[in-house]
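Coordinates in review
If you want the building blocks of each chain, they are given just below.
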Amino acid sequence: MHVKSNQCSRAPRVLLNFLHKVLAFQAVSKHDGMVQFMNQAHLLDRYHQLRELAEDTDAWLESEIGSDLWVDGINVFLTVSAEDFVEGLERFEGNYGFKNHGIVSDILQFQRYCREASADGEFPLYQALAVGMTWLSLQPQINGGYFNLPVQITNHSIALLLSPTYLAVWAHSYNEGIGLYLDLHSTLPTLFRPEHGRIYQNAGSYLEGNHIKFPFQNYFHEIAHILFFHDVYQRVLGSEDECRSYWTHIEACIYGLEEQVLAEMMEVQPDLHAIDDGFGSSKGFEDFISYRFGILGAQEDRSIPKDTVRTYIKRSMQLGEANENIPDNEVKARILASHKLDEERLEELDTYCKSFATALQVHSLWGIKSYQRNSIPAFREVVELLSPDAYCLQKLEESMRPDSWRTLKDLLSKNPFTEICSQTREKNIQVWNWRDTLSRLAEMRGYLANANEPSHDETNQELLEIAKRLAKVIHEEKQKVDPEDQHESQYADMKQEISDSLNRLPNVEVRDHLHNLLSKPYYFVLEPN
């Protein structure tokens, strides 16, 4: 971790008297449905709070806001004086300004400011970041509410300020009700269940301290899995080999989106701690990291296109050896045919990137157990009560062509910068609760069917009837615009009905196992985990 020394050696200037010159603006928050009024004096006061906190590194890193703004935040606030902050704020208000349409439109203005300021050098960029970070620190919906626990996403704000892709995926995942689940004490491995609307993180995935901290690139990786592909992971998409190729390719595509975020941040400023912290910390792959940074940080006239490494990773993940080998199949052939590199380029990439790509090939093993689970008739019967999600299938098909997502509108297939809305998020969280329960019913039925005990048949049939009614509820809830007022009681009643059915199982161990699946989020009875 590198904290820069105070670089403020600029000539003194007169600090404007903001109590006499107040330029009021409105910041519209759709999170709480209220219009928040702020002025320059309010922002300057907040700047002073952050500046004072940044002077104590340990206190900053253990604070709530410091857990987000992290090391780059320290560098920014120790470098930018109050006079510099005033100058930066006036430049923002004069050249960009608040759109007053919502928080996303305002962040887009800050992104423009940061990109154009960076062209004038590091210090003007720091001024822009100081203004943007200060404003974001006053927006309660930005951080802290995307897990089951109070968790701060480190470097979240700077990623929002510098990466259009990160902003677009965050905004859409917010409205879709997507989140992550963190168990601070679980010894289980990470539980990959995008179909639940969440992915379960274990104790090794976060940073300890007064405030729980989760890395921004990991957060982005997981929410992108859910946003674009959540429905395809429990479906039978073809043969076992074809499914393995699909699922492995999705992982490579998510890696590609991570790299897009990295490229966008490096275009603004390659010398950021967030970049090293988020994308340069893979121990044992230093040659790969250096090579990748060299490509992404180069000028546009460099002979190697910036998406070259992504193409290489997508190819290489289909070409594992031994247990990680995916037998030849039509899906694999399509991926290799559409992601070609010439022999000379492949030789160079192998030199720097092969070890990293080889490490990623382990993802192909997940598909073996996933296919086995998805193919259990009792499991599949529940999953197929819901029609395949058309959006996920569209994204899967598009992912097979490397030129499909040239713009963010192509990637999202809609306005990439939709405004966030807490009411929409709440409604979709309710739908995810129902979908989570339906997926657990599928897992229960698959588990009972695999046991092949006649005493389970009656319960398994009861669970299917409950699942049929639940599928109808999900279909109806998805059509609604507003959250359901009676959701909590209806949800509790449905879970109680499932519990009553499980209580009729004669085997106590089996009964307890399935009760745990119903009541404990971080739990599974069928692999893969």
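Provided above is the structure to which this section pertains.
First things first, this report covers the structure right here in the doc. (Residues numbered from 1 in each chain as written. Predicted model: local features only at pLDDT ≥ 70, side-chain atom pairs only at ≥ 80, totals over all residues. Heavy atoms only, no water.)

**Comments concerning the pairing of strand β3 (residues 151–154)**
Across the two faces of β3 the burial is the same, with Val151 and Ile153 and Gln152 and Thr154 all buried. In this structure, β3 lies alongside strand β6 (residues 212–215), joined through four bridges in parallel fashion. Along β6, the bridge assignment pairs Val151 with Ile212. (Buried < 20%, exposed > 50% of the residue type's maximum accessible area, 1.4 Å probe, protein only. Helix = DSSP H or I, 4+ residues; strand = E, 2+ residues; numbered from the N terminus. Pairing = 2+ DSSP bridges.)

**Overview of the nonpolar core**
In this structure, Phe77, Trp170, Tyr219, Phe228 and Ile313 are the most contacted members of the largest nonpolar core, which totals 125 residues. Here the element with the most residues in this core is helix α10 (residues 240–268); it accounts for 14 residues. If you look at the next biggest cluster of nonpolar residues, it comprises 32 residues, including Leu441, Ala442, Ile474 and Leu502. (Core = buried A, V, L, I, M, F, W, Y, C linked by side-chain atoms within 4.5 Å.)

**Some remarks on helix α1 (residues 40–54)**
Between its terminal C-alpha atoms α1 stretches 21 Å, which fits the 21 Å expected from 15 residues at 1.5 Å a residue. Among the residues of α1, those classed as buried are Gln40, Leu43, Leu44, Arg46, Tyr47, Leu50, Arg51 and Ala54. End-on, the buried residues of α1 take up no more than an arc of 160 degrees, which puts them together on one face. Capping the start of α1, Asn39 holds a side-chain oxygen 3.0 Å from the backbone nitrogen of Ala41, two or three residues further along. (Expected span 1.5 Å × (residues − 1). Arc of directions from axis to C-beta. Polar contact = N/O pair within 3.5 Å; in protein donor to acceptor, adjacent residues only side chain to side chain.)

**Observations concerning the packing of aromatic side chains**
Scanning all chains against the criterion turns up 30 aromatic pairs. Ring plane angle 45 degrees and centroid distance 5.6 Å describe the contact between Phe98 and Trp135, whose orientation is recorded as tilted. Residue Phe98 is found in the loop between α4 (82–95) and α5 (103–118), and its partner Trp135 is found in helix α6 (residues 122–137); the two are separated by 37 residues along the sequence. Residue Phe98 is classed as buried on the basis of its relative accessible area, which comes to 13%. For the pair Tyr146 and Tyr174, a centre-to-centre distance of 6.0 Å together with 80 degrees between the ring planes defines the contact as edge-to-face. Here Tyr174 lies in helix α8 (residues 164–175) and Tyr146 lies in the loop between α6 and β3, a separation of 28 residues in the sequence. (Phe/Tyr/Trp six-rings, centres within 6.5 Å; stacked < 30°, edge-to-face > 60°.)

**Points about the layout of surface pockets**
By volume, the largest pocket is sized at about 1100 Å³. Along the wall of the largest pocket there are 45 residues; nearest its centre are His221, Glu251, Glu258, Leu360 and His363. Those elements that provide at least two residues to the lining of the largest pocket are β6, α9 (216–229), α10, α11 (273–279), α12 (286–296), α15 (343–360) and α16 (363–374). A per-element tally of the lining of the largest pocket places α10 first, with seven residues. Grouping the constituent residues of the lining of the largest pocket by class yields 21 nonpolar, 17 polar and seven charged. The computed volume of the second largest pocket comes to approximately 650 Å³. (1 Å grid on protein atoms, 1.4 Å probe; cavity = no way out; pocket = protein on both sides within 12 Å on 5 of 7 lines; lining within 4 Å. Points joined across faces, edges and corners; volume = space filled by probe spheres on them. Nonpolar A, V, L, I, M, F, W, Y, C, P; charged D, E, K, R; others polar.)

**Here we look at helix α23 (residues 508–519)**
With 12 residues, α23 extends 16 Å from end C-alpha to end C-alpha; this agrees with the ideal 16 Å at 1.5 Å per step. Residues of α23 that are buried include every one of Val510, Arg511, Leu514, His515, Leu517 and Leu518, and no others. Take α23 and look down its axis: the buried residues cluster within an arc of 155 degrees, on one side only. With respect to the buried face of α23, the exposed residues turned more than 90 degrees away are Glu509 and Ser519. The inward-facing, buried residues of α23 contact α20 (422–451) and α22 (487–502). By the N-cap criterion, in which a side-chain oxygen at the helix start approaches the backbone nitrogen of a residue two or three places on, α23 is capped by Asn507, the distance to Glu509 being 2.9 Å. (Contact = heavy atoms within 4.5 Å.)

**A closer look at a negative patch on the surface**
A cluster of acidic residues, Asp342, Glu343, Glu344, Glu347 and Asp350, forms a negative patch on the protein surface. Summarising the element assignment, Glu347 is placed in helix α15. (Patch = residues over 30% accessible without salt bridge, like charges linked within 9 Å, V, L, I, M, F, W, Y side chains within 5 Å. Areas by Shrake-Rupley, 256 points an atom, 1.4 Å probe, with all protein chains shown as cover. Salt bridge = Lys/Arg side-chain N within 4 Å of Asp/Glu carboxyl O. Lys, Arg positive; Asp, Glu negative; His and termini not counted. Charge placed at Lys NZ, Arg CZ, Asp CG, Glu CD.)

**Things to note about the side chain of Arg235**
Locating Arg235 in the fold gives a position in the loop between α9 and α10. Note on Arg235: relative accessible area 8%, which makes it buried. One polar contact links the side chain of Arg235 to the main-chain carbonyl oxygen of Leu386, over a distance of 2.9 Å. Non-local contacts of Arg235, meaning those with residues more than four positions away in its chain, are made with Trp247, Asn374, Val383, Glu384, Leu386, Ser387 and Pro388.

**Digging into empty space enclosed by the protein**
The full count for this structure, using the stated rule, is one cavity of 30 Å³ or more. There is about 60 Å³ of room inside the largest cavity. What lines the largest cavity is Asp231, Gln234, Arg235, Val383, Leu386, Arg435, Leu438 and Ser439. The element that contributes the greatest number of residues to the lining of the largest cavity is α20, accounting for three residues.

**What about the environment of Val104?**
Note that Val104 resides in helix α5. Overall, Val104 belongs to the buried group, its relative accessible area being 0%. Residues Val104 and Trp170 lie 66 residues apart in sequence; the distance between their C-alpha atoms is 10.0 Å. When residues no more than four places from it in sequence are discounted, the contact partners of Val104 are Leu167, Trp170, Ala171, Phe417, Thr418, Glu419 and Ile420.

**Looking at the packing of helix α21 (residues 457–479) against α22**
Put simply, α21 and α22 touch, their axes get as near as 9 Å, and they point 170 degrees apart. Between α21 and α22, the angle falls in the class roughly antiparallel. When α21 is examined against α22, the residues Thr459, Glu462, Leu463, Ile466, Arg469 and Leu470 are found in contact with a partner set consisting of Met494, Glu497, Ile498, Ser501 and Leu502. When its residues are assigned to classes, the contact of α21 with α22 shows six nonpolar, two polar and three charged. (Axes fitted to C-alpha atoms, helices over the stretch in contact; angles between N-to-C directions. Parallel < 35°, antiparallel > 145°, perpendicular 65-115°, else oblique.)

Function-wise, these values are silent; they only describe arrangement.
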